[in-house]
Amino acid sequence: MSSHESIDSTVRTILVIDDELRSREALSRVLNEEFQVLLADSAEQARELLERHPVALILCDQRMPGMQGIDFLKEARERWPEAVRIVLSGYTDSEDIIAGVNQAGIYQYLLKPWLPDHLLNTVRTALESRALNNHMQRLDVELRSATPVLRRRNRQALDKVRDAFDFARIVRAPGSPLDALCELAARVARFDLSVLLLGESGTGKEVLARAIHYASPRAGNAFIMENCAALPDSLLESELFGHKRGAFTGAHQDHVGLIQRAHGGTLFLDEIGDTSPAFQVKLLRVLQEGELRPVGATTPVRVDVRIIAATHRDLEADVHSGRFRSDLYYRLAGVSLALPPLRERSGDLIPIASKLLADASQELDLPGLSFSTDALGSLLGYPWPGNIRELRNEIYRAAALCDGLEVGARAFSFKVLQGQTHTALPGVSPAKRGSGTLQEQLDAIEATLLRDALLRHRWNKTHAARELGLSRVGLRQKLRRLGLEESP
């Protein structure tokens, strides 16, 4: 294997360690969609794999016979420090969690039962953080030399990052509802105001937060993010505010919190609406006074950080009900920006789907993939309650399952195909259903019946024709006449 191949495999390789077969298989099924997965049923087998294969991330069960997950990850931190470390456990003992973060340098502590989307998102974010951290370390080494050439290279690198996260890079169609939103966000980005991003899960709040940061004067400093819903209160406080050695059981060394790490830059707090009132009081103090006190510290630390918060909840309703503090809400909502769900901007769906398919083609090494007409119709017909995150999963799945270079409707899951039966049909104007001449209305009804039958049989024309009492040739003629299939 060449060194280039080793580097490529390291970026995408994950080691899963779990003594339970079913758990290993479930994790492998989810992660195999995007990553190369190595499986180990014990610490001993994991060591053998790590000695033979470069690994980017280790996902380890906490309770295993022979050796606890945190103990193994402490060893991995010393022997394979480049690998990101994540613990998976069904137990919520805060001492175990804090000890793991401190001693083993754990990136995240995932609790069972885990959700596939949350697991994938956590792994993606961890690997992205790893890549960005490595890049920033290289930049830091170069900057210490302080030569004009290196300073110019740093500026060029920053310009490249800014361009990658520019508002114009947020995929959308001309005239999209996001145009006005991005214009407002770009104006707000220049000023040091807190921003509250509202919208359903999967609508792209993190993408917008990054665009705001890199369009701001703070772009040269860190963008740090934390999902507030992913951690219990005790660990969230330690992660954000930091702690001193000996502050509590398991605090064996000083820990610099994320707020301090974001000094001079931006801190993105996702799912802020899921935090407890006790935590909200502590965060409010940081925003009001511009300083924090790490757990166990005797003196406060001054911090200069911009807060961008996000939530899928109705925070105004939570304020009225007393679930969320009003004073913190008004501190966070210096400017509120609401991202519409994907179903309310259907014009953006095809450009986003096309971009996701291009990404899938590259990541899955399937060049030249494209959507068929019926596939685009199915995508437009489904309401996408999980928004862009759900759309991404569906497209990657379809890309992996399709035959040839064209992704057809039959490659989608049945729920997506079912969603099409209640919405507009390609080739048949909605105006023709319930209006127009008698023939136009009959054509619309016939087209609906044909499409419903095809969807029930996952676009198998032979089976659909049999159900409708037609020959396969007769069905194809009707589809062509109604504009539902192109003529050869």
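Provided above is the structure to which this section pertains.
Only a predicted model underlies this, so the values are computations on that prediction, with no experimental measurement involved.

A. View of the pairing of strand β3 (residues 57-61). The buried fraction of β3 is high, at five of five residues. Here β3 shows no split at all, with Leu57, Leu59 and Asp61 on one side and Ile58 and Cys60 on the other all buried. In this structure, strand β1 (residues 13-17) lies alongside β3, joined through four bridges in parallel fashion. Bridge pairing links leucine 15 to isoleucine 58 in β3. With helix α4 (residues 69-79) bridging β3 and its parallel neighbour strand β4 (residues 84-89), the resulting β-α-β unit is right-handed.

B. Spotlight on the nonpolar core. By size, the foremost hydrophobic cluster in this structure holds 51 residues, and its most contacted members are Leu15, Ile17, Ile58, Phe72, Ile259, Leu267 and Ile272. Discounting residues that sit within four places of it in the chain, isoleucine 272 has contacts with Leu196, Cys228, Leu283, Ala309, Ala310, Thr311, Leu315, Phe324 and Leu332.

C. Inspection of the packing of helix α20 (residues 461-468) against helix α21 (residues 472-481) at higher detail. Two elements in contact, α20 and α21, have axes separated by 9 Å at closest approach and are oriented at 95°. Judged on the interaxial angle alone, α21 and α20 are roughly perpendicular. Contacts between α20 and α21 involve Lys461, Thr462, Ala464, Ala465 and Leu468 on the former and, on the latter, Arg472, Leu475, Arg476 and Leu479.

D. Representation of the pattern of salt bridges within the structure. For the coordinates displayed, the defined rule picks out 23 salt bridges. Two residues, arginine 124 and glutamate 34, come together in a salt bridge whose shortest N-O distance is 2.6 Å. Of the two residues, arginine 124 sits in helix α6 (residues 116-145) while glutamate 34 sits in the loop between α2 (21-31) and β2 (36-40), which places them 90 residues apart along the sequence. The class of glutamate 34 is buried, set by a relative accessible area of 10%. Residue aspartate 359 is joined to lysine 355 by a salt bridge in which the shortest nitrogen-to-oxygen separation is 3.0 Å. Placement of both aspartate 359 and lysine 355 in helix α15 (residues 349-363) is noted, with a separation of four residues, approximately one turn of the helix. Each of Glu34, Arg124, Glu363 and Arg392 takes part in one network of salt bridges that share partners.

Thresholds applied
- Residues numbered from 1 in each chain as written.
- Predicted model: local features only at pLDDT ≥ 70, side-chain atom pairs only at ≥ 80, totals over all residues.
- Heavy atoms only, no water.
- Buried < 20%, exposed > 50% of the residue type's maximum accessible area, 1.4 Å probe, protein only.
- Helix = DSSP H or I, 4+ residues; strand = E, 2+ residues; numbered from the N terminus.
- Pairing = 2+ DSSP bridges.
- Right-handed = clockwise from strand over helix to strand, strands pointing away.
- Core = buried A, V, L, I, M, F, W, Y, C linked by side-chain atoms within 4.5 Å.
- Contact = heavy atoms within 4.5 Å.
- Axes fitted to C-alpha atoms, helices over the stretch in contact; angles between N-to-C directions.
- Parallel < 35°, antiparallel > 145°, perpendicular 65-115°, else oblique.
- Salt bridge = Lys/Arg side-chain N within 4 Å of Asp/Glu carboxyl O.

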